[in-house]
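Here is what each chain is made of, one letter per residue.
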Amino acid sequence: MFFIIGLCLASFLNVVVERTVRCEKWLWSRSKCNSCGHVLAWYDLIPVLSWIFLKGKCRYCKNSIPARYPLSELALGIALLLSVKWYYLPFYKFYIVAGFSVLFLSVLTDIYDRTVYDIFTLPFAGIFLLANILFFGLDAFILSFFGGVVGFVAAILLTKTKKVGQGDAMLLLFAGIWLGLIDIIRSGIFAALVFGVTLAFLSLSKGKPKEGLPLTPFLFIGVVLNFYF
């Protein structure tokens, strides 16, 4: 079930991100083809399946539909499938899905626009901190608070390397609050390991991007590994 939820959420979040990057309203307007502008029917918007059945092309103008859409949908679907355990309490399941949704927004904007928007992280940092004290108790609130502190301090230290900016700091602040002290440390370790392996592989294959690698996808992978293990 959570795999399907992830597919649908990613499809919606892609719309939010693309329209935010283009400074367009996204709440009520219908989805359109980026090439011909034709309004898409509901059967053109089924996550992953529509892209497969249409062979990666618009039904109306036959221009290619980027593979990033189904790939991002699969990424969030697999993330929720691996992270949300059946024995979790219902509200905690919702808490995890909501946190992944916020994190995934920044993953998409970092990949598409190389920018992490504070509007997608800072307000939710406060919301998730409040949720911890209201629904999980004082101990969870303390872990959440210090998780945010660790995430923010880590981001500030990373700015010294000129690899991260203010947006990344706000993202790590949110991630620390959402995950709590222990899980943000574990996620950071997993993310660093995956980043190191990826960087080593790209260096050996001489395929390292000139602009560097976006960091948010590695944090996303680190969080998934943290929940899975």
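Since this is a predicted model, take the numbers as computed values, not measurements. (Residues numbered from 1 in each chain as written. Predicted model: local features only at pLDDT ≥ 70, side-chain atom pairs only at ≥ 80, totals over all residues. Heavy atoms only, no water.)

(A) Representation of the overall build of the protein in the model. Tallying secondary structure elements over the protein gives nine helices and zero strands in all. Reported as C-alpha extents along the three principal axes, the dimensions of the protein are approximately 55 × 45 × 35 Å. Put simply, of all contacts in the protein between residues at least 6 apart along the chain, 66% involve residues at least 24 apart. Total accessible area on the protein stands at roughly 13,000 Å², and carbon and sulfur atoms take up 72% of it. Measuring between centres, the 20 positive side-chain charges of the protein sit 8 Å from its 11 negative side-chain charges. (Helix = DSSP H or I, 4+ residues; strand = E, 2+ residues; numbered from the N terminus. Contact = heavy atoms within 4.5 Å. Areas by Shrake-Rupley, 256 points an atom, 1.4 Å probe, with all protein chains shown as cover. Lys, Arg positive; Asp, Glu negative; His and termini not counted. Charge placed at Lys NZ, Arg CZ, Asp CG, Glu CD.)

(B) Quick look at the nonpolar core. Residues L76, F100, F104, W178, F220, V223 and F227 are the most contacted members of the largest nonpolar core, which totals 42 residues. Those elements that place two or more of their residues in this core are α1 (2–21), α3 (68–83), α4 (90–113), α5 (122–136), α7 (166–179) and α9 (216–228). The contact partners of L76, leaving out residues within four places of it in the chain, are G6, L9, A10, L13, F100, F104 and F220. (Core = buried A, V, L, I, M, F, W, Y, C linked by side-chain atoms within 4.5 Å. Buried < 20%, exposed > 50% of the residue type's maximum accessible area, 1.4 Å probe, protein only.)

(C) Summary view of the packing of α1 against α3. At a minimum axis distance of 7 Å, the contact between α1 and α3 shows a crossing angle of 135°. Considered as vectors, α1 and α3 are oriented oblique to each other. As for how α1 packs across α3, the hand of that crossing is right-handed. Note on element contacts: α3 touches α1 through R68, Y69, S72, E73, L74, L76, G77, I78, L80 and L81, opposite F2, F3, I5, G6, L7, L9, A10, S11, L13, N14 and E18. Of the residues that constitute the contact of α1 with α3, the class distribution is 13 nonpolar, five polar and three charged. (Axes fitted to C-alpha atoms, helices over the stretch in contact; angles between N-to-C directions. Parallel < 35°, antiparallel > 145°, perpendicular 65-115°, else oblique. Left-handed = near helix turned anticlockwise from the far one by under 90°. Nonpolar A, V, L, I, M, F, W, Y, C, P; charged D, E, K, R; others polar.)

(D) Spotlight on the packing of α4 against α7. Packing of α4 against α7 leaves a shortest axis separation of 11 Å and a crossing angle of 170°. The angle between the axes of α4 and α7 places the two elements in the roughly antiparallel class. Residues Y95, I96, G99, F100, V102, L103 and S106 of α4 form the contact with α7, whose own contacting residues are L171, F174, I177 and W178. Taken together, the residues of the contact of α4 with α7 sort by class into nine nonpolar, two polar and no charged.

(E) Structural detail: the side chain of S101. With respect to the secondary-structure elements, S101 resides in helix α4. Taking relative accessible area as the criterion, S101 reaches 12% and is therefore assigned buried. Contacts of S101, omitting those with residues within four sequence positions, involve L9 and L13.

(F) How the structure looks around the pattern of salt bridges. Counted according to the given criterion, the structure contains three salt bridges. R59 is the salt-bridge partner of D44, the closest N and O atoms lying 2.7 Å from each other. Placement of D44 in the loop between α1 and α2 (49–53) and of R59 in the loop between α2 and α3 is noted, with a sequence separation of 15 residues between them. (Salt bridge = Lys/Arg side-chain N within 4 Å of Asp/Glu carboxyl O.)

(G) Expanded view of the environment of I5. Structurally, I5 can be placed in helix α1. Residues I5 and E73 lie 68 residues apart in sequence; the distance between their C-alpha atoms is 9.8 Å. Residues contacting I5, with those up to four places away along its chain left out, are L80 and V97.

(H) Main features of the packing of aromatic side chains. Counted by the stated rule, this structure contains 22 aromatic pairs. Here the aromatic rings of Y92 and F136 are separated by 6.1 Å at their centres, their planes lie at 85°, and the arrangement is edge-to-face. With Y92 in helix α4 and F136 in helix α5, this pair connects stretches of sequence that are 44 residues apart. The class for Y92 is partly exposed, based on a relative accessible area of 26%. Pairing F100 with F227 gives two aromatic rings, centres 5.9 Å apart and planes at 45°, and the pair type is tilted. With F100 in helix α4 and F227 in helix α9, the pair connects residues that are 127 residues apart, well separated along the chain. By relative accessible area, F227 is classed as buried at 8%. (Phe/Tyr/Trp six-rings, centres within 6.5 Å; stacked < 30°, edge-to-face > 60°.)

(I) Structural detail: α4. Helix length check: α4 (24 residues) gives 35 Å between terminal C-alpha atoms against 34 Å at 1.5 Å per residue, within 8%. Two residues or fewer past α4, R114 is found with a positive phi of approximately 55°. (Expected span 1.5 Å × (residues − 1).)

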